[in-house]
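# Close look at the chain arrangement
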Amino acid sequence: MVRMMEKKDFDTSIIRPEISQTDFKLRGRDMPSDRLKRIKKGLQTLHTLETMAVNIYKFQITKKESELNLQLIAAMANEMTHLQDFQIKLFEYGFKPSTLRWLYWIVGFKFGFFSRLLGTKAILRTGVWVEKKAVRHYDELLRKIEWDADTRKIIEKDQADEYGHIKRWESFLKKSKVET
């Protein structure tokens, strides 16, 4: 079971945090190769999983004007910022995204599209399930890899966003139980 802690250090209502020119740095030049190898694997994992998350939300959105669709759009946009965060970090370190990330694009499409076909509760349950898995991945990668301070802060902020998504989808699920 995922411990649902609040990440009070981060304002998860901010969907797309500001990035300025001075935030970009070439990283890892003086790091040992074994540390760089772990960082590369961690960043590629996060980038790939965020590719999947973007597609899940993208393919769950319908044409219906609803609060759920509005929140799915916001969640998709937020996951797109995470994807950008990790792509930027990959390039700052001199790495590239995984060549296998297209497989996760397909997995995201399948989860998103088929949960949409199954209805609102399936969309919400999929969101909670996927985001809880994401939080566990973030925990593991934060624990096992020695990140530079800037990258660690971004990972922690993105993890806080995932907690916010869980909270949001669980509140929608509670509302749907009351309404039926």
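Remember, it's a predicted structure, so these values are computed and weren't measured experimentally.

The next thing to look at is the nonpolar core. Ile39, Leu43, Tyr93, Trp147 and Ile155 are the most contacted members of the largest nonpolar core, which has 16 residues in total. Counting only elements with at least two residues in this core, the list comes to helix H1 (33-60), helix H2 (67-92) and helix H4 (120-144). If we ignore the near neighbours within four places in the chain, the residues touching tryptophan 147 are Arg35, Ile39, Gly42, Leu43, Leu141, Leu142, Arg152 and Ile155. In this structure, Leu68, Met76, Leu124 and Val128 belong to the second largest nonpolar core, which totals 13 residues.

In this section: the packing of H1 against helix H3 (residues 101-118). Look at H1 against H3: their axes get within 7 Å of each other, and the N-to-C directions meet at 30 degrees. With respect to their mutual orientation, H1 and H3 come out roughly parallel. Taken as a pair, H1 and H3 cross one another with a handedness that is right-handed. In this structure, H1 uses His47, Thr48, Leu49, Thr51, Met52, Asn55, Ile56, Lys58, Phe59 and Gln60 to contact H3, whose residues at the interface are Arg101, Tyr104, Trp105, Val107, Gly108, Phe109, Phe111, Gly112, Phe113, Ser115 and Arg116. Across the contact of H1 with H3, the residue classes break down as 10 nonpolar, eight polar and three charged.

Let's shift gears to the pattern of salt bridges. Once the charged atoms of two side chains with opposite charge are near each other, the side chains can pair. Evaluation of the coordinates by the stated rule reveals 11 salt bridges. Its salt-bridge partner being aspartate 148, residue arginine 27 comes within 3.0 Å of it at the nearest N-O pair. Of the two residues, arginine 27 is situated in the segment before H1 and aspartate 148 in the loop between H4 and helix H5 (149-179); the sequence distance between them amounts to 121 residues. Per residue, the accessibility class of arginine 27 equals that of aspartate 148, and both read buried. Note that lysine 144 and glutamate 140 form a salt bridge whose closest N and O atoms lie 3.4 Å from each other.

Summed over the entire model, instances satisfying the criterion amount to 10 aromatic pairs. Ring geometry for phenylalanine 109 and phenylalanine 113: centres 5.5 Å apart, planes at 15 degrees, overall stacked. Of this pair, phenylalanine 109 and phenylalanine 113 both sit in helix H3, separated by four residues, roughly a single helical turn. For phenylalanine 113, a relative accessible area of 23% puts it in the partly exposed group. Cluster of aromatic residues (ring-pair linked, three or more members): Phe59, Trp105, Phe109, Phe113 and Phe114.

This part covers a positive patch on the surface. A contiguous patch of positive charge on the surface is contributed by Lys121, Arg125, Lys174 and Lys177. Examined against the element boundaries, lysine 177 turns out to sit in helix H5. Judged by its relative accessible area of 58%, lysine 177 is exposed.

Tracing the chain through its elements places threonine 81 in helix H2. Accessibility expressed as a relative area gives 5% for threonine 81, which makes it buried.

Counting all residues, the mean pLDDT for the protein is 93, and 94% of those residues have values of 70 or more. Confidence, expressed as mean pLDDT per element, reaches its minimum in the protein at H5 with 92 and its maximum at H1 with 98. Between residues 1-5, whose pLDDT stays under 50, and residues either more than four places distant or in other chains, the model counts 10 contacts.

Between its terminal C-alpha atoms H1 stretches 41 Å, which fits the 40 Å expected from 28 residues at 1.5 Å a residue. With respect to burial, H1 is a largely interior element, 20 of its 28 residues being buried.

Among the structural elements, threonine 151 can be located in helix H5. For the pair threonine 151 and leucine 43, spaced 108 residues apart in sequence, the C-alpha separation works out to 9.6 Å. When residues no more than four places from it in sequence are discounted, the contact partners of threonine 151 are Arg27, Leu43, Lys89 and Tyr93. Engagement of the side chain of threonine 151 in a polar contact is seen with the side chain of aspartate 148, the distance being 2.6 Å.

What counts, and at which threshold
- Residues numbered from 1 in each chain as written.
- Predicted model: local features only at pLDDT ≥ 70, side-chain atom pairs only at ≥ 80, totals over all residues.
- Heavy atoms only, no water.
- Core = buried A, V, L, I, M, F, W, Y, C linked by side-chain atoms within 4.5 Å.
- Buried < 20%, exposed > 50% of the residue type's maximum accessible area, 1.4 Å probe, protein only.
- Helix = DSSP H or I, 4+ residues; strand = E, 2+ residues; numbered from the N terminus.
- Contact = heavy atoms within 4.5 Å.
- Axes fitted to C-alpha atoms, helices over the stretch in contact; angles between N-to-C directions.
- Parallel < 35°, antiparallel > 145°, perpendicular 65-115°, else oblique.
- Left-handed = near helix turned anticlockwise from the far one by under 90°.
- Nonpolar A, V, L, I, M, F, W, Y, C, P; charged D, E, K, R; others polar.
- Salt bridge = Lys/Arg side-chain N within 4 Å of Asp/Glu carboxyl O.
- Phe/Tyr/Trp six-rings, centres within 6.5 Å; stacked < 30°, edge-to-face > 60°.
- Patch = residues over 30% accessible without salt bridge, like charges linked within 9 Å, V, L, I, M, F, W, Y side chains within 5 Å.
- Areas by Shrake-Rupley, 256 points an atom, 1.4 Å probe, with all protein chains shown as cover.
- Lys, Arg positive; Asp, Glu negative; His and termini not counted.
- Charge placed at Lys NZ, Arg CZ, Asp CG, Glu CD.
- pLDDT = per-residue confidence, 0-100.
- Expected span 1.5 Å × (residues − 1).
- Polar contact = N/O pair within 3.5 Å; in protein donor to acceptor, adjacent residues only side chain to side chain.

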